[in-house]
Amino acid sequence: MKKLSLLILIAFLSFSCSSSDDNEPEETQTDPIVAKWQFGKVIYTYDDGTQNTNEPTSCDLQSSYTFLPDNTIELISLVPDNNNGCEVETVNFKYFNWSKVEDGKYRIVSKNPNEPEEVDIENVTFESNKMIWTEIIDNPQTNVTKIENYFTRQN
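Throughout what follows, the structure given in this document is the object of discussion. (Residues numbered from 1 in each chain as written. Predicted model: local features only at pLDDT ≥ 70, side-chain atom pairs only at ≥ 80, totals over all residues. Heavy atoms only, no water.)

Points about a nonpolar patch on the surface
Logical step 1: Together, Val-101, Val-119 and Ile-121 make up an exposed nonpolar region whose accessible area comes to about 230 Å².
Logical step 2: Relative to the assigned elements, Val-101 resides in strand S7 (residues 95-102).
Logical step 3: When its relative accessible area of 44% is taken as the criterion, Val-101 is described as partly exposed. (Patch = residues over 30% accessible without salt bridge, like charges linked within 9 Å, V, L, I, M, F, W, Y side chains within 5 Å. Areas by Shrake-Rupley, 256 points an atom, 1.4 Å probe, with all protein chains shown as cover. Salt bridge = Lys/Arg side-chain N within 4 Å of Asp/Glu carboxyl O. Helix = DSSP H or I, 4+ residues; strand = E, 2+ residues; numbered from the N terminus. Buried < 20%, exposed > 50% of the residue type's maximum accessible area, 1.4 Å probe, protein only.)

As for the state of the cysteines
A covalent bond bridging the sulfur atoms of two cysteines is what the word disulfide describes.
Logical step 1: Tallied over the full model, the rule gives one disulfide.
Logical step 2: Across a sulfur-sulfur distance of 2.0 Å, Cys-59 and Cys-86 are joined as a disulfide pair. Measuring the twist about the S-S bond at about -100 degrees, one finds the Cys-59-Cys-86 disulfide to be left-handed. One end of the pair, Cys-59, is in the loop between strand S2 (51-54) and strand S3 (64-67); the other, Cys-86, is in strand S6 (residues 86-88), and 27 residues separate them in sequence.
Logical step 3: Among the residues examined, Cys-86 registers a relative accessible area of 22% and is labelled partly exposed. (Disulfide = S-S within 2.5 Å.)

Observations concerning a negative patch on the surface
Logical step 1: Taken together, the side chains of Glu-115, Glu-118, Asp-120 and Glu-135 present a region of like negative charge at the surface.
Logical step 2: Take Glu-135: it is sitting in strand S10 (residues 130-136). (Lys, Arg positive; Asp, Glu negative; His and termini not counted. Charge placed at Lys NZ, Arg CZ, Asp CG, Glu CD.)

Quick word on the pairing of strand S1 (residues 35-46)
Logical step 1: Here four bridges tie S1 to S3, and the two strands are oriented antiparallel to one another. Pairing of Trp-37 across the sheet is with Tyr-65, part of S3.
Logical step 2: For S1 and strand S11 (residues 144-153), the ladder comprises eight bridges, and the chain directions are antiparallel. Paired with Gln-38 across the bridge in S11 is Thr-152.
Logical step 3: Inspection of the sheet shows S1 paired to S2 by four bridges, in the antiparallel sense. (Pairing = 2+ DSSP bridges.)

Looking at the packing of aromatic side chains
Logical step 1: Summed over the entire model, instances satisfying the criterion amount to 13 aromatic pairs.
Logical step 2: Ring plane angle 55 degrees and centroid distance 6.0 Å describe the contact between Tyr-65 and Phe-96, whose orientation is recorded as tilted. In this pair, Tyr-65 sits in strand S3 while Phe-96 sits in strand S7, placing the two residues 31 residues apart along the sequence.
Logical step 3: By relative accessible area, Phe-96 is classed as buried at 9%.
Logical step 4: Ring centres of Phe-67 and Trp-133 lie 6.4 Å apart, and the angle between their planes is 70 degrees; this geometry places the pair in the edge-to-face category. Of the two residues, Phe-67 sits in strand S3 while Trp-133 sits in strand S10, which places them 66 residues apart along the sequence. (Phe/Tyr/Trp six-rings, centres within 6.5 Å; stacked < 30°, edge-to-face > 60°.)

Describing the nonpolar core
Logical step 1: Counting residues in each nonpolar core, the largest one holds 16 residues, and the members touching the most others are Ile-33, Tyr-65, Phe-67, Trp-98 and Met-131.
Logical step 2: Counting only elements with at least two residues in this core, the list comes to S1, S3, S7, strand S8 (105-111) and S10.
Logical step 3: Counting residues per element, this core draws most heavily on S1, at three residues.
Logical step 4: Once residues lying within four places of it in the same chain are set aside, the contact partners of Met-131 are Ile-33, Trp-37, Phe-67, Val-124, Thr-125, Phe-126, Asn-149, Tyr-150 and Phe-151. (Core = buried A, V, L, I, M, F, W, Y, C linked by side-chain atoms within 4.5 Å. Contact = heavy atoms within 4.5 Å.)

Structure below.
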């Protein structure tokens with residue numbers, strides 16, 4: 001009987017032990033926004049339900065946002081030059097940061113010298129290698145009701 005009790009105790013202890021070590025740090029999952037994102041198309045939806053799509057220019061396709069793990073954003077913005085090419089648009093941010101408000105919402109804060117701080121809350125969805133910023137417009141002075149900005153993940 002003692003042998004049976006000992007076997008049951010050993011079996012119980014074997015099954016009750018956890019395979020995870022409580023002293024191991026938890027793996028942190030990287031936010032899906034942390035990446036380099038290339039500018040893409042913009043879709044405007046109007047109050048009559050029609051849509052207009054603006055395809056990216058060659059300069060847009062060379063422009064990008066890079067959302068870094070330290071909650072900063074690096075912007076590379078190219079604009080048309082006078083020779084049918086593109087040139088880097090100089091933007092001297094005092095700071096340009098992001099933070100996650102909740103799933104699907106991000107706060108983007110930027111400050112240029114001698115200008116007021118700008119704060120935007122972006123509704124963001126991720127589809128495979130795409131990021132879509134959706135803005136619902138509630139302004140009776142315009143017939144645009146929604147703007148969707150598309151970005152393609154570069155890394």
